Amino acid sequence: GCAIIPCEGKRNIDRPAAAFLGLGIPTYIVWDADCGKKDAQPVDNHRLLRLVGADVVDWPSGVFERYACLPIDLEHTLRGELGEEVFSRVLGQCENEYCLSRRHSLKKALVIERIVRQARAEGRTSETLESIVNQARSLC
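**Student:** Break down unusual backbone geometry for me, citing the residues and quoting the values.
**Tutor:** The backbone of glutamate 8 sits at a positive phi, close to 60°, despite the residue not being glycine. For glutamate 8, the location among the structural elements is in the segment before α1 (14-22). By relative accessible area, which is 66% here, glutamate 8 ends up exposed. You will see that aspartate 34, though not glycine, has its phi angle at about 65°, which is positive. Within the fold, aspartate 34 resides in the loop between β1 (29-32) and α2 (42-51).

**Student:** Before we move on, can you summarise the state of the cysteines with the specific residues and values?
**Tutor:** As used here, a disulfide is simply a covalent bond connecting the sulfur atoms of two cysteines. Taken as a whole, this structure holds one disulfide when the rule is applied. Between the sulfur atoms of cysteine 2 and its disulfide mate cysteine 140 the distance is 1.8 Å. Judged by the sign of its S-S torsion, about 135°, the bond between cysteine 2 and cysteine 140 is right-handed. Highlighted residues: cysteine 2 in the segment before α1 and cysteine 140 in the segment after α7 (127-139), separated in sequence by 138 residues. The residues cysteine 2 and cysteine 140 share a single accessibility class, namely exposed. Cysteine cysteine 7 shares no disulfide, and the gap to the nearest cysteine sulfur, in cysteine 69, comes to 14 Å. We note that cysteine 69 lacks a disulfide partner, and the nearest cysteine sulfur, in cysteine 35, lies 9.7 Å from it.

What counts and what doesn't
Residues numbered from 1 in each chain as written. Predicted model: local features only at pLDDT ≥ 70, side-chain atom pairs only at ≥ 80, totals over all residues. Heavy atoms only, no water. Helix = DSSP H or I, 4+ residues; strand = E, 2+ residues; numbered from the N terminus. Buried < 20%, exposed > 50% of the residue type's maximum accessible area, 1.4 Å probe, protein only. Disulfide = S-S within 2.5 Å.

Next up, the structure:
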């Protein structure tokens, strides 16, 4: 009963989310705050925070009832929670197997899924991803 819709960047989330919310469709939004990144624009975070009715801050972080915001990005979160060794090893395997560059590999759901699955098989989990899934499920 749930659908995951990649929007290819947080600057593309607001329009579909606003449409779904306007139609009364339960919507859970996830984005990267990009804190500390060179070209990060806090205004992008402000726009999404207003959309979900949250307090506006430059660099949001956390998993909440209707949204989640990763402090930097998914890569940093998973590296920290799953461990550098397993993350880098499986990422490298995926890049070799699928002929992907680092720039493109982490944008592929298949790669992220494989990293998370392998980490789980090795006894490592992402508390953040599990919290996001549980919050999103509660809306369905």
